Amino acid sequence: QVQLVESGGGLVQAGGSLRLACAASGRTFSGYPMGWFRQAPGKEREFVATIRCSGGATYYADSVKGRFTISRDNAQNTVYLQMNSLKPEDTAVYYCAGRTYFSGNNYYTFPKDYNYWGQGTQVTVSS
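What you see is a predicted model, and the numbers here were worked out from it, not measured in a lab. (Residues numbered from 1 in each chain as written. Predicted model: local features only at pLDDT ≥ 70, side-chain atom pairs only at ≥ 80, totals over all residues. Heavy atoms only, no water.)

Trainee: Could you clarify how one ought to interpret the sheet that holds strand β8 (residues 78-83) in this entry?
Mentor: Sheet strands line up and pair through hydrogen bonds in the backbone, either parallel or antiparallel. Spatial strand order, β1-β3-β8-β7: 4 strands in an open sheet with antiparallel pairing. The open sheet is flanked by β1 (3-7) and β7 (68-73), the only strands paired with a single partner. Across this sheet, the average inter-strand angle for adjacent strands is 15 degrees, counted without regard to direction. (Pairing = 2+ DSSP bridges. Helix = DSSP H or I, 4+ residues; strand = E, 2+ residues; numbered from the N terminus. Axes fitted to C-alpha atoms, helices over the stretch in contact; angles between N-to-C directions.)

Trainee: How do you make sense of the state of the cysteines when you look at a structure like this?
Mentor: A disulfide bridge is the covalent bond that connects two cysteines by way of their sulfur atoms. One pass over the structure, following the stated rule, counts 1 disulfide. Note that Cys-22 is cross-linked by a disulfide to Cys-96, the S-S spacing being 2.0 Å. Disulfide Cys-22-Cys-96: the torsion about the S-S bond is -75 degrees, which places it as left-handed. Of this pair, Cys-22 sits in strand β3 (residues 18-25) while Cys-96 is found in strand β9 (residues 92-98), placing the two residues 74 residues apart along the sequence. In this pair, the class of Cys-22 matches that of Cys-96, namely buried. We note that Cys-53 lacks a disulfide partner, and the nearest cysteine sulfur, in Cys-96, lies 15 Å from it. (Disulfide = S-S within 2.5 Å. Buried < 20%, exposed > 50% of the residue type's maximum accessible area, 1.4 Å probe, protein only.)

Trainee: How do you make sense of the pattern of salt bridges when you look at a structure like this?
Mentor: Applying the stated rule across the entire model yields 5 salt bridges. Its salt-bridge partner being Lys-65, residue Asp-62 comes within 3.0 Å of it at the nearest N-O pair. For Arg-67, the salt bridge is made with Asp-90, and the minimal N-O distance between the two is 2.8 Å. In this pair, Arg-67 is assigned in the loop between β6 (58-60) and β7 and Asp-90 in the loop between β8 and β9, connecting sequence segments 23 residues apart. One salt-bridge network, in which partners are shared between bridges, spans Arg-38, Glu-46, Arg-67 and Asp-90. (Salt bridge = Lys/Arg side-chain N within 4 Å of Asp/Glu carboxyl O.)

Below, the structure written as structure tokens:
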């Protein structure tokens, strides 16, 4: 059974940092793109960041560019999201996603682009 399990969420003050981790099991995701999304109450799930399988090239939503960093450790089958300079508007449930079908040299930024999802981890930023 394939699973993506997020961890590292919590409550932090504005300006603080958190590091999310997404551990995959049941299959390897090292050859596939991975992404992070988030969903705030009453809002649609939105793209945060993605990382390609080869070379580790990354792409970010404008709202987090320069503050968040996505990375991956293929040996550990794990993807990370380092979040710095957090703002109250970053408050949301954060989801890890994996795409295991054909992937060209693109960045995948829509939920429909991914076929595996974690259960989510809550991030709350207080002002």
